[in-house]
2 protein chains.
Amino acid sequence: MLKVPEHQVAGHIARDGKLGPLVDDEGRFFKPLQGDSRGEHEAKFYDSFSSNKKVPDHIHRYFPVYHGTQLVEASDGSGKLPHLVLEDVVSGYSNPSVMDVKIGSRTWYPDVSEEYFKKCIKKDRDTTTVSLGFRVSGFKIFDHQELSFWRPEKKLVLGFNADGARSALRKFVSSNSSADSNSIPNCAFASEVYGGILTQLLELKAWFETQTLNHFNSCSILMVYENESILMKGGDDAQALLRAQVKLVDFAHVLEGNGVIDHNFLGGLCSFIKFIKDILQSLDERDDETDTSQLENGN
Amino acid sequence: MLKVPEHQVAGHIARDGKLGPLVDDEGRFFKPLQGDSRGEHEAKFYDSFSSNKKVPDHIHRYFPVYHGTQLVEASDGSGKLPHLVLEDVVSGYSNPSVMDVKIGSRTWYPDVSEEYFKKCIKKDRDTTTVSLGFRVSGFKIFDHQELSFWRPEKKLVLGFNADGARSALRKFVSSNSSADSNSIPNCAFASEVYGGILTQLLELKAWFETQTLNHFNSCSILMVYENESILMKGGDDAQALLRAQVKLVDFAHVLEGNGVIDHNFLGGLCSFIKFIKDILQSLDERDDETDTSQLENGN
């Protein structure tokens, strides 16, 4: 039995009779092939990339496992349609916090149609894509006070400026009320979550500095972690239980690299890494201040 | 006495009654302040940057030394005009080979006028700026067969595709005839020149990964080295005599960083570094092949 994914935060959603991805109970994600050859393109990419021996194993694990394509009943009731069959990245989590960040300072690329170019560059300029080299596409956070998920409106997310993006990245790893825009994010999980995420981003960065296989136009980094387990267990097991992980998703616009690195993705990735590092550093400074004030109080 | 710079390879040239930079005999470079406030902007940048203690010394040395502004007789005969007074980067060289590479996958930036945006993005798409993250703006090579300089036409240089850029970077460090487009560049100086250049580029890259002081829009990397001395001396002194150096130039479009790294410059720089590394690696492979064929011949 296929159902609508509970934790999808960006892209087409299979609701209200619309076409979108579906998941099963066995950890598989079914993504309908988009009609205008983009779906075919993404299937071809997964097909060749997933078996490409030039890609190191430690890089392969940042990509969802690919199980081929399959005809399944589409979510919009239009009958059986070909779907990509992928690993459902969040299937092992109970209450995952998820964020989708589209990487790159442009989503268009050489040789696209003028129509597509104009559509992309308008959105790139209207969001933080041009200014920051990435844009938050969507996210959901498990709220520990409400014991439910908070998921901001798409319009709000796409309207972020630099401060909005920075604030969202802080809220994403905080345990205090996310929906209340006046509360200051406490960054309770920042050290464990972004510590783990940063290690993975740096591994990806090192690969992007040399790889010339593909250019990952309009591709996203998905960050996932589990909040609940920290509250339940905490202590020494906390880091292991957080299972903070990074996956790359959305390959409908991937091109051959032709001997050139993906400088667009790499530049944006480095900018994103700096945002993550800044949050980690702000924690150190906070701790230092606490230490100092304790010293001043004679403790 | 001011004169027209002999080794300028890009930008406005002070010839035929046109306005352009001048040099004196004491190693100073006089750049007229551009009228539309860009000149003022560049002067302000030099003013604050050159005395900025947050910029490490080893980074300051990649920027031309700044000596303030001065009223001097303009090259177009329009009387005394304010000029930036800078270090003339090539003044210590006899026959320098020089290349100007504009870094970044775009030369426009947020909040420019629509007119400027359209002008820039057209040129960015027509050159390798978008595809490679950099474009060769101009170069001159000392030709050891003709004992003179070869300097390709601006139109030819701006028409380079990826292969053209790669080929120009190989010719730039070759001793065989540069003007003859059929000859295969021998990359005679590649190891020494690009070895030294690469060390400097990697130092800049490390700084750009963290610096959020400025965004260096439309800024160029100037590569300079001396050919003549290699031929005259060679041997162990060769590397020291080459004096391959990197400078950053052209700051009329520099903006404040506002806490964000210059992902546009960094991405392009990483792409350029990969091109330089590829040339160095091709030399290793050539050497390996020579070794192997010597072994096969029983030597």
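Residues numbered from 1 in each chain as written. Chains lettered and ligands numbered in written order. Predicted model: local features only at pLDDT ≥ 70, side-chain atom pairs only at ≥ 80, totals over all residues. Heavy atoms only, no water.

Novice: Residue-level account of the nonpolar core, with values.
Specialist: In terms of nonpolar packing, the biggest core is built from 130 residues, with Phe63(A), Tyr194(A), Phe216(A), Tyr194(B) and Phe216(B) touching the most fellow members. With sequence-adjacent residues up to four places away left out, Phe216(B) is seen in contact with Phe45(B), Phe49(B), Phe63(B), Trp207(B), Phe208(B), Gln211(B), Phe251(B), Val254(B), Asp262(B) and Phe265(B). Ranked by size, the runner-up nonpolar core spans 16 residues in total, among them Phe117(A), Tyr109(B), Tyr116(B) and Phe117(B). (Core = buried A, V, L, I, M, F, W, Y, C linked by side-chain atoms within 4.5 Å. Buried < 20%, exposed > 50% of the residue type's maximum accessible area, 1.4 Å probe, protein only. Contact = heavy atoms within 4.5 Å.)

Novice: Give a description of the interface of chain B and chain A that names residues and reports values.
Specialist: With 32 residues of chain B in contact, the opposing surface of chain A contributes 32 residues. Between chain B and chain A, a total of about 2,300 Å² is buried, with carbon and sulfur atoms accounting for 61% of that surface. The three residues of chain B that bury the most area against chain A are Arg125(B), His263(B) and Lys274(B), which together make up 24% of that side's buried surface. On inspection of chain B and its partner chain A, the count reaches four salt bridges. One can count ten residue pairs in polar contact (both at pLDDT 80 or more) joining chain B with chain A. Those elements giving two or more residues to the side of chain B that touches chain A turn out to be helix H3 (114-126), helix H4 (129-132) and helix H10 (263-296) of chain B. With nine residues, the top contributor of residues to the side of chain B that touches chain A is H10(B). (Buried area = accessible area lost by both parts, 1.4 Å probe. Salt bridge = Lys/Arg side-chain N within 4 Å of Asp/Glu carboxyl O. Polar contact = N/O pair within 3.5 Å; in protein donor to acceptor, adjacent residues only side chain to side chain. Helix = DSSP H or I, 4+ residues; strand = E, 2+ residues; numbered from the N terminus.)

Novice: Explain the pairing of strand E9 (residues 220-226) of chain B residue by residue, including any values.
Specialist: Residues and elements named next belong to chain B. The buried fraction of E9 amounts to seven of the seven residues, a majority that puts the element mostly inside the structure. The two faces of E9 match: Ser220, Leu222, Val224 and Glu226 on one face and Ile221, Met223 and Tyr225 on the other face are all buried. As paired strands, strand E5 (residues 96-103) and E9 are joined by seven bridges and run antiparallel to one another. Each residue of the ladder has a partner; that of valine 101, found in E9, is isoleucine 221. Here five bridges tie E9 to strand E10 (residues 245-249), and the two strands are oriented antiparallel to one another. Residue pairing across strands places valine 224 opposite glutamine 245, the latter belonging to E10. (Pairing = 2+ DSSP bridges.)

Novice: Give me the lowdown on the domain arrangement of chain A, citing residues and values where you can.
Specialist: Residues and elements named next belong to chain A. According to the domain assignment, chain A contains domain 1 (22-87) and domain 2 (96-287). Here the C-alpha centre of domain 2 lies 22 Å away from the C-alpha centre of domain 1. In this assembly, 19 residues from domain 1 lie in contact with 16 residues from domain 2. When residues of domain 1 are sorted by the area they lose upon contact with domain 2, Arg38, Phe45 and Tyr62 head the list and together hold 37% of the total. Residue lysine 31 is joined to aspartate 250 by a salt bridge in which the shortest nitrogen-to-oxygen separation is 3.0 Å. At the junction of domain 1 with domain 2, the criterion picks out eight residue pairs in polar contact (both at pLDDT 80 or more). Broken down by secondary-structure element, the contributors of at least two residues to the side of domain 1 that touches domain 2 are helix H1 (38-49) and helix H2 (57-60). Grouping the amino acids of the side of domain 1 that touches domain 2 by side-chain chemistry returns nine nonpolar, four polar and six charged. (Domains from an automatic or database assignment. Nonpolar A, V, L, I, M, F, W, Y, C, P; charged D, E, K, R; others polar.)

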